[in-house]
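# Report on the structure
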Amino acid sequence: MIPLLDLKAQYSQIKDQINAAIRDVLESQYFILGPTVSDFEKNIVAYTQSKYAIGVASGSDALLLSLMAIDLRPGDEVITTPYTFFSTASCISRLGAKPVFVDIDPKTYNIDPNLIEAKITLRTKAIIPVDLYGQAADMDPIMACAKKHQLTVIEDAAQALSATYKGKKCSTLGDLGAISFFPSKNLGGYGDGGMVITDNEELAEKIKILRVHGAKPKYYHDYIGCASRLDALQAAVLNVKLKYLDQWSQGRQKNAKEYDALFSSKDVQTPFIDEHCQHVYNQYVIRVSKRDPLRDFLKEKEISTEIYYPRPLHLQKCFADLGYKEGDFPESEKAAQETLALPIYPELSQQNQRMIVDTISQFYN
Ligand SMILES: Cc1ncc(COP(=O)(O)O)c(C=O)c1O
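Residues numbered from 1 in each chain as written. Predicted model: local features only at pLDDT ≥ 70, side-chain atom pairs only at ≥ 80, totals over all residues. Heavy atoms only, no water.

### So, the overall build of the protein chain
On a plain count of helices and strands, the protein chain comes out with 11 helices and 13 strands. At 20 Å, the protein chain has a C-alpha radius of gyration in line with the 21 Å of a compact globule built from 365 residues. Viewed in the frame of its principal axes, the protein chain has a C-alpha envelope of about 70 × 55 × 35 Å. Within the span of the protein chain, comprising 365 residues, buried residues form 55% of the whole. Considering only residue pairs separated by 6 or more positions, the protein chain has 70% of its internal contacts joining residues 24 or more positions apart. When the accessible surface of the protein chain is split by element, carbon and sulfur atoms take 49% of a total near 16600 Å². Between the mean site of the 41 positive side-chain charges and the mean site of the 46 negative ones, the protein chain shows a separation of 2 Å. (Helix = DSSP H or I, 4+ residues; strand = E, 2+ residues; numbered from the N terminus. Rg over C-alpha atoms; globule rule 2.2 N^0.38 Å. Buried < 20%, exposed > 50% of the residue type's maximum accessible area, 1.4 Å probe, protein only. Contact = heavy atoms within 4.5 Å. Areas by Shrake-Rupley, 256 points an atom, 1.4 Å probe, with all protein chains shown as cover. Lys, Arg positive; Asp, Glu negative; His and termini not counted. Charge placed at Lys NZ, Arg CZ, Asp CG, Glu CD.)

Right, here's the structure in full:
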C-alpha cells in the first residue's frame, strides 16, 4: 500500500525532539498562549520576514479573523476562487457577506487576475487569492487591482508556507496572509492550528484582541471576538518541525522533478510552474482524461490518491442562494473533473514513484 501521506515516517525522524518539546509544555502546564506560542510566532516572523504573526486555532480561523479585522459586514462582497478548499469562501458567508467567484487560470489552477476587475462593485471589500497546491497565485496584478480599488487582499497561503513568488515568501504577499498547520500541510501540527501574517500593526493588534473574545484588557470587550488561539502544545510541535520545513519542501520538489521526468505519456499533464514561483508541492496534481476510472484502478493496485476538489464551491448546495449554476466557471468545473493528486511526501521512495508512474501508464495502455 502506498499512502497519500506518511506522517509516521516523518515522526520517526524527529520523535525524541517532539516528545521532549511536548513534555516541556506539560511540565510548564502553560497551555493557552504564553511563551511557547510567542516563541513560535517570533520564529514564523523571522522565517517569513514579515512583521507580525498571530497564532490562531486553524487556517479557517486565520481567514475568518482576518475578515473580522477588516470589519467585513453583511452585504459586503469578497472576490475569490471557486476552486479551493471550502473555508476560503465559508469565512465570507459566516460574516453575512457574499462570496463573488472568479474562474481560474487552467494552467496554475489559481484565480485568473484578468477576470477580477469586472467583478468589482461598490460593495467589494476584499479579494482572497489562494496559493493552490503550494504555488503562489499571480499576486502582482491582483495587488495592483486591489490598490486601484482600495480593496484588502487576504492571501490564503494555507497550502503554501515556504513557497515563494518573485523571491518573497507566500503568506506575506497580500495585506494579510492565512496559514494552516493542519497535519497534512508542509508544516503540519498534531491537530488543528493556523496563523495570520501581516505587516500592518493595527490589523495585527486587532486580530490579537479578536482571538481572545475581543477583550483588552481581559473582561473588557471592545469587539465580539472568539476563542481562537494556537495551542501551546501545537506551537511546541511546530517549533521543532519548522527547522525541517525547507528540507522537507526540497524533498517534495525533488520528488516532483522525478515524477516530471518519469511521466512521458501524453495522457498525463504534469504541474505547470509559473516562472515567478517556487512551488512547494503540498500536492502534486496531474491532469488526466478518464480520471475516475484511473483513480479506481490505482486504488485496486493499492496506490492512494485524492481529488482536490471534486465539486467547485459555486456548485455546493450550501451556496445555492448565491445563484450560480453549472457552466458559470468552466475552467474550475473542468479541473474538478480532471485533476488527481499523487503521493509526494518527502519520504516517498523513488521505487514507489516509479511504480506509481508505471501503473498509470499501464492504465492508459
Ligand atoms: C486552501 C485552504 N484554505 C484554508 C484551509 C483551512 O485550514 P484549516 O484546515 O487549518 O482550517 C485549508 C486547509 O485545509 C486550505 O487548503
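### Considerations on the sheet that holds strand β6 (residues 164–165)
Read from one edge of the open sheet, three strands run β7-β6-β11, paired in antiparallel fashion. Both outer strands of the open sheet, β7 (168–169) and β11 (277–278), are each paired with one neighbouring strand and no more. The sheet contact formed by β6 and β11 spans two bridges and is antiparallel. Note on β11: the bridge partner recorded for Y165 is C277. (Pairing = 2+ DSSP bridges.)

### Structural notes on the site of the ligand
Inspection of the region around the ligand gives 17 residues, with G59, S60, D156, S180 and K185 positioned closest. At 2.8 Å, a backbone N or O of G59 approaches an oxygen atom of the ligand. Within the side chain of S180, an N or O atom sits 2.7 Å from an oxygen atom of the ligand. For the ligand, whose unbound accessible area comes to 380 Å², protein coverage reaches 93%. (Near = heavy atom within 4 Å. Polar contact = N/O pair within 3.5 Å; in protein donor to acceptor, adjacent residues only side chain to side chain.)

### Here we look at the packing of helix α9 (residues 291–300) against helix α11 (residues 350–364)
With their axes 10 Å apart at the nearest point, α9 and α11 run at an angle of 130° to one another. If you check the angle between α9 and α11, you find them oblique. With respect to the hand of their crossing, α9 and α11 are arranged in right-handed fashion. Contacts from P293, L294, F297 and L298 of α9 reach α11 at T359, I360, Q362, F363 and Y364. The class makeup of the residues in the contact of α9 with α11 is seven nonpolar, two polar and no charged. (Axes fitted to C-alpha atoms, helices over the stretch in contact; angles between N-to-C directions. Parallel < 35°, antiparallel > 145°, perpendicular 65-115°, else oblique. Left-handed = near helix turned anticlockwise from the far one by under 90°. Nonpolar A, V, L, I, M, F, W, Y, C, P; charged D, E, K, R; others polar.)

### Points about the pairing of strand β8 (residues 176–180)
Burial analysis of β8 places five of its five residues in the buried class, which makes it a mostly covered element. Sheet topology places strand β5 (residues 152–156) next to β8; three bridges connect them, and they run parallel. Bridged to I154 within β8 is L176. Pairing analysis gives five bridges linking β8 to strand β9 (residues 194–198), with the strands arranged antiparallel. In the sheet register, A178 faces β9, and the bridge partner there is V196.

### A closer look at the sheet that holds strand β12 (residues 284–288)
Judged by pairing direction, the sheet is antiparallel, and its three strands sit side by side in the order β10-β12-β13 without closing on themselves. The sheet is open, and its two borders are formed by β10 (268–269) and β13 (339–342), each paired with just one other strand. Two elements, β12 and β13, share four bridges in a ladder whose sense is antiparallel. Following the sheet pairing, V285 is matched in β13 by A341. Contacts from helix α10 (residues 330–338) reach β12 and β13 within the one sheet, and its direction differs from that of β12 by about 100°.

### Observations concerning helix α3 (residues 59–69)
Counted residue by residue, α3 has 10 buried out of 11 residues, so it is predominantly covered. Of all the positions in α3, only G59, D61, A62, L63, L64, L65, S66, L67, M68 and A69 are classed as buried. The backbone nitrogen of S60 lies 3.4 Å from a side-chain oxygen of the residue at the head of α3, namely S58.

### Topic: the domain arrangement of the protein chain
Put simply, an interface is often sized by how much accessible area is lost when its parts join up. Under the domain assignment used here, the protein chain contains domain 1 (7–242) and domain 2 (245–364). Domain 1 and domain 2 are separated by 24 Å when their C-alpha centres are compared. Taken together, the contacts link 45 residues of domain 1 with 35 residues of domain 2. Summed over both sides, the interface between domain 1 and domain 2 buries roughly 3600 Å², with carbon and sulfur atoms accounting for 59% of that surface. Here domain 1 and domain 2 share zero salt bridges between them. Here domain 1 and domain 2 share 27 residue pairs in polar contact (both at pLDDT 80 or more) between them. Across the side of domain 1 that touches domain 2, the residue classes break down as 24 nonpolar, 14 polar and seven charged. (Domains from an automatic or database assignment. Buried area = accessible area lost by both parts, 1.4 Å probe. Salt bridge = Lys/Arg side-chain N within 4 Å of Asp/Glu carboxyl O.)

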